[in-house]
Amino acid sequence: MKKLDCMGDFCPIPTLKTIDQIQRLNPGEMLEILVDHSCAVENIKAAAHKLVHQFRVEEVANGIWRITIEK
């Protein structure tokens, strides 16, 4: 599983980084993204909805989310 740390990045940087990494994934590969801005979570979900097979979002700590994407 590839990992992308977007902690401290402001929108739209996490979404742009995520789209770039999704495009590099092969079918069946997974990407884990860490973000600390709720707007980034919503933007990544919207972008991922069109580009990937499935994704999961979980708040792992107060204000920190882990997004898991499978292409």
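So, here's what we can say about the structure. Since the model is a prediction, treat every value here as computed from it, not as a measurement.

Reading the values: the criteria
- Residues numbered from 1 in each chain as written.
- Predicted model: local features only at pLDDT ≥ 70, side-chain atom pairs only at ≥ 80, totals over all residues.
- Heavy atoms only, no water.
- Salt bridge = Lys/Arg side-chain N within 4 Å of Asp/Glu carboxyl O.
- Helix = DSSP H or I, 4+ residues; strand = E, 2+ residues; numbered from the N terminus.
- Buried < 20%, exposed > 50% of the residue type's maximum accessible area, 1.4 Å probe, protein only.
- Core = buried A, V, L, I, M, F, W, Y, C linked by side-chain atoms within 4.5 Å.
- Contact = heavy atoms within 4.5 Å.

**Let's talk about the pattern of salt bridges**
Evaluated as defined, the whole model comprises six salt bridges. For R24, the salt bridge is made with D20, and the minimal N-O distance between the two is 3.1 Å. Placement of both R24 and D20 in helix α1 (residues 13-24) is noted, with a separation of four residues, approximately one turn of the helix. Judged by its relative accessible area of 52%, R24 falls in the exposed class. Residue classification places D20 among the partly exposed residues on the basis of a relative accessible area of 31%. A salt bridge links E58 to R66; the nearest nitrogen and oxygen atoms lie 3.3 Å apart.

**Things to note about the nonpolar core**
Among the nonpolar cores identified, the biggest contains 15 residues, and I22, L31, I33, V35, I44, I67 and I69 are the most heavily contacted of them. Counting residues per element, the ones that place at least two in this core are β2 (30-35), α2 (38-51) and β4 (64-70). It is α2 that provides the largest number of residues to this core, a total of four residues. Filtering out sequence-adjacent residues up to four positions away, L31 remains in contact with M1, K2, K3, L4, T18, Q21, I22, L25, I67, T68 and I69.

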